[in-house]
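# Descriptive structure summary
What follows is the residue order along each chain.
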Amino acid sequence: MATSTRQTNAAAEKPEEMKKHRLLIGGNWAEPSTGKWFESMNPYTARPWALVPRSAKEDINRAVAAAKAAFHDPAWRGLTATARGHLLRKLADLIAADAERLGKIESTDNGKLIAEMAAQVRYIPQWFHYFGGLADKIEGRVIPIDKPGVFNFTREEPLGVVAAITPWNSPLLLATWKLAPALAAGNTVVWKPSEFSSVSALEFGELFERAGFPPGVVNIVTGFGNEVGEALVTHRDVAKVAFTGGDKTGEQVYAMAARGIKHVTLELGGKSANIVFDDAEVEEAVKGVVSGIFAATGQTCIAGSRALIHRPIYEQFVEKLLALAKTAKMGNPLETSTQVGPVTTQPQYQKVLDYIRIAKEEGAVCALGGGPAKRPECGDGWFVEPTIFTGVKPEMRIAQEEVFGPVLSIIPFEDEEEAIRIANDTMYGLAAGVWTTSIRRALTMSERLAAGTVWVNTYRAVSYMSPFGGYKRSGIGRESGIDAIREYLQTKSVWIDTVGKAPNPFVMR
Ligand code: TXE
């Protein structure tokens, strides 16, 4: 049962029982050089529940040095690709065995539903199996070179030390999208999880050692973006930055990485349109729109935060949508019956409420919710009522900017042309949904939508097999799928003379 008062809700965690975590550097569990820890908050109780090391540049330096040493160490560099793949698959098995515990930690740390976090952690092993399987299929080519007396071939080589910087919304899943291909390709990693949800990363760290990864291949350093994130991105021995987070931070990370001419992948969120046509299966589309924005409390990069509804079904659709959204059960994310949990962080909670105020000031009509959730089952937690705005104009801030919370903007459209124009008219391009029974429409829309993922008659589906990433300001590069491994490789061209006769040394061969 959900707790019913603020007092009982908070009493779930006792500060004196908080676990004091350590950093993973070079295979050792280390204290931060600062000698300081910070509290990780449970969004449901709004109370601290664990202590996370507050690292500094010195710790990043130690971690990058360990990763660099491991990269060159024969214990890792000398492994056959098959042996490397085997380690990844061993890790996958360990994660599967530990999934329940890790899912519970994630849910406690970021407030997302146990139903979702447990399912995510159970699914994570697939990435390690898939990329583990790819490790020994990274092949170069023999080039039928146009010059006689020369043999030319390519080698696909790892980049070196990869910085993985991850956010708080799906901590282990989003890290996995980076770690699995990075390790399969033979890189080493320094992982900096979000300061708002570091606990699962530190617990996950133990599994690398148990799987048999050599020390230093994966290092985990916790702390704040400006204190350790920047030190990591700008470290001269980091070859690549793989980042998921907000677009403003992504812009800074990109600029910092550019100064060091580093490889970069960025996944930066979006303002995805969920487009419903009058020929859609309406009941399914209603569920799809609800799942697009209220699942995970809207805190997903792919949130369908704009519902574009075809004019002929507009009134009927909005009525059904409101009726379903009203039934959402809020409360303790650790209860399997809960459907909408708290917002993960206090600043994010404030940001969501600010956007609700802005939408009202802009003249949008609040048809549902519109403020903090005061329900008894929400206790002290950072809960926001599932909120739906109608009367939204495409140019309003609420229709252009990423809220990252349970706030939906509904916009009507007249025809396909207008739907495309509105859907594509934001600076983002991560995902889009289309609800229609017309195959022609499904194909046309999927071609014309400027988004890295288009779902037709479904929403929020991802897989280790399918590329994921953004158009426009939603990011650079792709995660998952066979080509993702290329984001962690570089190509070397090797030329071998086969005739043993030096050509004219004063001209290019
Ligand atoms: O993310 P940040 P925040 C969006 C969402 C949210 C907004 C802000 O709209 O409201 O971003 O969230 C690290 N150098 N998304 O502030 O800042 C930071 O420590 C290097 C979308 O939590 O992007 C964390 O590990 N690193 C998103 C990571 O960057 C820095 C998921 C992400 O934090 C840094 C989360 C710096 N200068 C938020 N500053 C998605 N794409 O799914 C911070 N970091």
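The structure we're discussing is the one just above.
Before going into details, it helps to say that this report is about the structure given with it. Predicted, not measured: the structure shown is a model, and the values here were computed from it. (Residues numbered from 1 in each chain as written. Predicted model: local features only at pLDDT ≥ 70, side-chain atom pairs only at ≥ 80, totals over all residues. Heavy atoms only, no water.)

## Quick notes on the layout of surface pockets
Counted as a void, the largest pocket has a volume near 1000 Å³. In terms of lining residues, the largest pocket is bounded by 40 residues, among which Trp-168, Phe-243, Gly-245, Gly-246 and Thr-249 are the most central. Per element, the largest residue contribution to the lining of the largest pocket is six residues, and it comes from helix α9 (residues 247-259). Looking at the lining of the largest pocket residue by residue, the class counts come to 17 nonpolar, 14 polar and nine charged. Inspection of the lining of the largest pocket shows a minimum of three residues originating in each of domain 1 (19-268 + 474-492) and domain 2 (273-456). In this model, the second largest pocket occupies a volume close to 320 Å³. In terms of lining residues, the second largest pocket is bounded by 15 residues, among which Glu-116, Gln-120, Leu-173, Arg-460 and Val-462 are the most central. Listing elements by their share of the lining of the second largest pocket, those giving two or more residues are α5 (114-134) and α6 (171-184). Here the residues of the lining of the second largest pocket sort into nine nonpolar, four polar and two charged. (1 Å grid on protein atoms, 1.4 Å probe; cavity = no way out; pocket = protein on both sides within 12 Å on 5 of 7 lines; lining within 4 Å. Points joined across faces, edges and corners; volume = space filled by probe spheres on them. Helix = DSSP H or I, 4+ residues; strand = E, 2+ residues; numbered from the N terminus. Nonpolar A, V, L, I, M, F, W, Y, C, P; charged D, E, K, R; others polar. Domains from an automatic or database assignment.)

## A closer look at the packing of aromatic side chains
The description of an aromatic ring pair rests on the distance of the ring centres and on the angle between the ring planes. Under the criterion given, the structure shown has 17 aromatic pairs. Pairing Phe-277 with Phe-413 gives two aromatic rings, centres 5.2 Å apart and planes at 75 degrees, and the pair type is edge-to-face. Pair noted here: Phe-277 is in the loop between β13 (273-276) and α10 (282-294) and Phe-413 is in strand β17 (residues 407-413), with a separation of 136 residues, a long-range link. We classify Phe-277 as buried; its relative accessible area is 0%. For Phe-413, a relative accessible area of 0% puts it in the buried group. An aromatic cluster is present here, built from Tyr-123, Trp-127, Tyr-130, Phe-131, Trp-177, Tyr-464 and Phe-468 joined pairwise through their rings. The positively charged end of Lys-20 is found above the aromatic ring belonging to Trp-37, 4.2 Å away from the centroid. For the cation-ring pair, Lys-240 lies above Tyr-488, with the distance from its terminal atom to the ring centre recorded as 4.4 Å. (Phe/Tyr/Trp six-rings, centres within 6.5 Å; stacked < 30°, edge-to-face > 60°. Buried < 20%, exposed > 50% of the residue type's maximum accessible area, 1.4 Å probe, protein only. Lys NZ or Arg CZ within 6 Å of the ring centre and 35° of its normal.)

## Here's the deal with α10
With 13 residues, α10 should reach 18 Å at 1.5 Å per residue; the first-to-last C-alpha distance of 18 Å fits that figure. Buried within α10 we find Val-282, Ala-285, Val-286, Gly-288, Val-289, Val-290, Gly-292, Ile-293 and Phe-294. One or two steps after α10, the chain reaches Ala-296, where phi turns positive at roughly 60 degrees. (Expected span 1.5 Å × (residues − 1).)

## Comments concerning the pairing of strand β18 (residues 431-435)
Within β18, five of the five residues are buried, leaving the element largely enclosed by the surrounding structure. Bridge count for β13 against β18 is four bridges, and the pairing is parallel. Within β18, the position partnered with Ile-275 by the bridge is Val-434. (Pairing = 2+ DSSP bridges.)

## Here we look at the nonpolar core
By size, the foremost hydrophobic cluster in this structure holds 87 residues, and its most contacted members are Phe-128, Leu-183, Trp-191, Phe-213 and Phe-317. Inspection of this core shows a minimum of three residues originating in each of domain 1 (19-268 + 474-492) and domain 2 (273-456). Setting aside residues no more than four positions away along its own chain, Leu-183 makes contact with Trp-76, Arg-84, Leu-88, Val-189, Phe-208, Phe-213, Val-217 and Val-218. Counting residues in hydrophobic clusters, the runner-up holds 33 residues, among them Ile-358, Val-403, Val-407 and Met-445. (Core = buried A, V, L, I, M, F, W, Y, C linked by side-chain atoms within 4.5 Å. Contact = heavy atoms within 4.5 Å.)

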